[in-house]
Every structure is written in structure tokens, then in C-alpha cells.
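Observations on chain architecture
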Amino acid sequence: MSASALARVLRAHVRYAPGTLGKARLVGRFLDEHLRTHPVHATVGLRSGDKIGVATSDVIQRYQYLFGEWEPNLSAFLRDRLRPGDTLIDIGAHRGAFSLLASHAVGPHGRVIAVEPSLRFHDDLTAAITANRRTNIQSIRSVVSDTHGRQTLYLEDPTNLGHTTAVRPRHAHVTFDVQTAPLAGLISSAQFATTRVIKIDVEGAEAAALRGLLPALAHLPDDAELVVEVTPRLLAKQGESATGIIDILSENGFHAYKLANDYDPATYPRTIRHPQSPVRCTTVPEEMTGLVFSRTDADHLA
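Cut-offs applied
- Here the residue index of a chain counts from 1 through its sequence in written order.
- Where totals are concerned, whole chains, interfaces and linings use all residues; where local detail is concerned, this predicted model gives features only for residues with pLDDT of at least 70, and gives and counts side-chain atom pairs only at 80 or more.
- As a convention, hydrogens and water are excluded, and side-chain values are obtained from all of the structure's heavy atoms.
- Pairing between strands is defined by DSSP: at least two bridges between the two strands are required.
- Each helix is a run of H or I in the DSSP string that is no shorter than four residues. Each strand is a run of E no shorter than two, and both are numbered from the N terminus.
- By definition, residues are in contact when any of their heavy atoms lie within 4.5 Å.
- Lines are fitted to the C-alpha atoms to define the axes, a helix being fitted only along its stretch in contact, and any angle between axes, read from their N-to-C directions, falls within 0 to 180 degrees.
- Put simply, two rings from Phe, Tyr or Trp (the six-membered ring, in Trp's case) pair if the centres are within 6.5 Å, and we call them stacked under 30 degrees between planes, edge-to-face over 60, tilted for the rest.
- A 1.4 Å probe rolled over the protein chains alone gives each residue an accessible area, and that area as a share of the maximum for its type sets the label: buried under 20%, exposed over 50%, partly exposed in between.
- The set of buried Ala, Val, Leu, Ile, Met, Phe, Trp, Tyr and Cys residues whose side-chain atoms join them within 4.5 Å is what this entry labels a nonpolar core.

So, on to the sheet that holds strand β11 (residues 225-230). Read across the sheet, 8 strands follow the order β5-β4-β3-β10-β11-β14-β12-β13 without closing on themselves; strand pairing throughout is mixed. Because the sheet does not close on itself, it has two edges, and the strands there are β5 (137-140) and β13 (279-280). Bridging between strand β12 (residues 255-259) and β13 involves 2 bridges; their strand directions are antiparallel. Directly across from Tyr 257, in β13, lies its bridge partner Arg 280. Its contacts with the sheet put helix α6 (residues 119-131) on β4 (111-115) and β5, and the angle it makes with β5 is roughly 165°.

One pass over the structure, following the stated rule, counts 5 aromatic pairs. Consider the rings of Tyr 63 and Tyr 268, whose centres lie 4.9 Å apart with planes at 80°: the pair is edge-to-face. Residue Tyr 63 is found in helix α3 (residues 59-67), and its partner Tyr 268 is found in helix α12 (residues 268-273); the two are separated by 205 residues along the sequence. Like Tyr 268, Tyr 63 is buried.

Okay, the pairing of β12 next. Where β12 and strand β14 (residues 289-294) come together, 5 bridges link them in antiparallel fashion. Counterpart to Leu 259 in the pairing with β14 is Gly 290.

All right, on to α3 then. Most of α3 is tucked away: 9 of the 9 residues are buried. If you check which residues of α3 are buried, you get Val 59, Ile 60, Gln 61, Arg 62, Tyr 63, Gln 64, Tyr 65, Leu 66 and Phe 67. Packed against the buried residues of α3 are α1 (3-16), α2 (23-37), β1 (41-45), β2 (51-55), α5 (97-106) and α12. In the segment just after α3, Gly 68 is the residue with positive phi, at about 75°.

So, about the environment of Ile 113. Looking at the secondary structure, you find Ile 113 in strand β4. On the basis of relative accessibility, which here comes to 0%, the residue Ile 113 falls in the buried class. Apart from the residues lying within four places of it in its own chain, the contact partners of Ile 113 are Thr 87, Leu 88, Ile 89, Asp 90, Gln 138, Ile 140, Ile 187 and Gln 191.

Time to look at the nonpolar core. Grouped together as the largest cluster of nonpolar side chains are 43 residues, with contacts concentrated most on Phe 67, Leu 78 and Leu 82. If near-sequence neighbours (up to four positions away) are discounted, Phe 67 is found in contact with Val 14, Arg 15, Val 27, Arg 47, Pro 265, Tyr 268, Pro 269 and Ile 272. Ile 113, Ile 140, Ile 198 and Phe 293 belong to the second-largest nonpolar core, a separate cluster that totals 33 residues.

This is the structure in C-alpha cells:
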């Protein structure tokens, strides 16, 4: 049996066989590296029930091929939080995995607003919306910031397409310009009034995105929560910090919780079956970290 044929068999076992026994070893010792260096191009089903095209040379698409999901703790959090009729605002929607998931959770009377600046990813996003007949997702192509204007974005690593950033890397694989706008200028007050979760994943631009959101915080429901991926290294290059982000939201009544996120694919089989709830953030993150901001004051978010 060829290595590629073996990979297909083992992937089917990892993806569909019950339990987790031996799966971490299969993924960590063979499948992840093989699929990265011998890319598979396929249409796969996500755990949400949607189908998307993937190329396994990219880390996010590789994990979707293997597991049907990206960031299982965040996925579980969104499934738990969103209810029919809610709105999710997905800032940095990428190719739409979380927007598609949320589309099912909020139902036909709910709304998903997916904001993605990259033309390539926005095209993939709109194609996925159409192919899966998700009529409750609105897509917007823009950088979410605190000003109106234009900004240059950079893709450094073609094997990690999700890492598209406004912070210029030493070597840029792709460079492009796109318009910027505050979120409060892209979303109506009525849409904010039904928003249950705002997800912000903007690779170092989270401080500016939050400043542009501040005028709209008063329009959010009391139980609204924000999920913000903070990237201290990229924030520091712009004179910003994770402390500043936590302080801004603390001043507006939000408590910070840490959402576990291990990018090691060997952890995925167990995490998908046993996701972890966010726990109170007691120290300022020094590495890339997913934070949930909630007006609930507790040791963890159930």
C-alpha cells in the first residue's frame, strides 16, 4: 500500500472511528506531516454538516480534512452560546468555518455577519455560503479598525493562510491593500441589539478593532460576549499590549477568561470529544491566546 493510500485509510479511522485510542499517535507521527508535504485537494464535510474545499498544505484546511473542525474549544463555546434568533459578528472570518457553524446555531431567524478583508478568503467564504445554501450569513469585505481609510495586509507563510496581518513581516509572500472601517460603522444598532457573540481574530489588529467597537458596546445585550484572539508579539510591534485590551474591556464591565487552544493536532481527537470551558484569566497572556470577555463574574464560564 502506498503512503498516500495508507494516509487515506488512517484519516478515515481518525475522523470516523469511535473513541480516541491511538489517534493522537497516528496524527502526530504520520498524518499531519504527510498531508502537509503531500497535499490532498478534496471537498470535505465539516462537523457543522457543511461541505468545503480544502488543500492540506494549509494548516487550517489540513485540520478540517482530518477532524472536520478548527479550534474545537472555540467551536464548542459558540455552539453552547448561540441560540435561534441570535446574531454572531465574525471579524476575521477567513474561509467561513465559524460563520457556517454559527449559521446553524442561530437558525433562519438569526444572523451571521462575516467580515473578511482578504479577497481570496472572502471569495472562498462567499462560495461556501452559496454552496451550502446558508441564507442567514452576510459577508463584508473590510478591515475592522478604528478609522476609515486603507491598510496594507501581509501573508508571510503560504502554509498558514490564516496568518494574514497588518504588521509587516521580514518576508511577505503576498501583499494587498483593503479599506478599513470601524465596526460601529459597518453594523447597525439594530444588529448589535441582537448580537450574542462578537469574535475578533485579526492577527495583531485587535486593539484598533476594539477601539472602533467601543461606541457600539452600549447597544449590545447584557449577556453579549466577545471572543478575542490576542497576539502580544504583534501588538507590541504597534505600541499596543494585551494589558491594554483587557483594561479597555474591563472598564466597560467585561471580565476576561482564557479559552484553551492547543494547535498540536495530536490533541484534537480528545478535545473534540471533551472541550474545555473558558476559565478566569489571572495573568496577562504572553503568547497568542484566545480570550472570552463576559459580564459574568465567575471562576469559569459554564
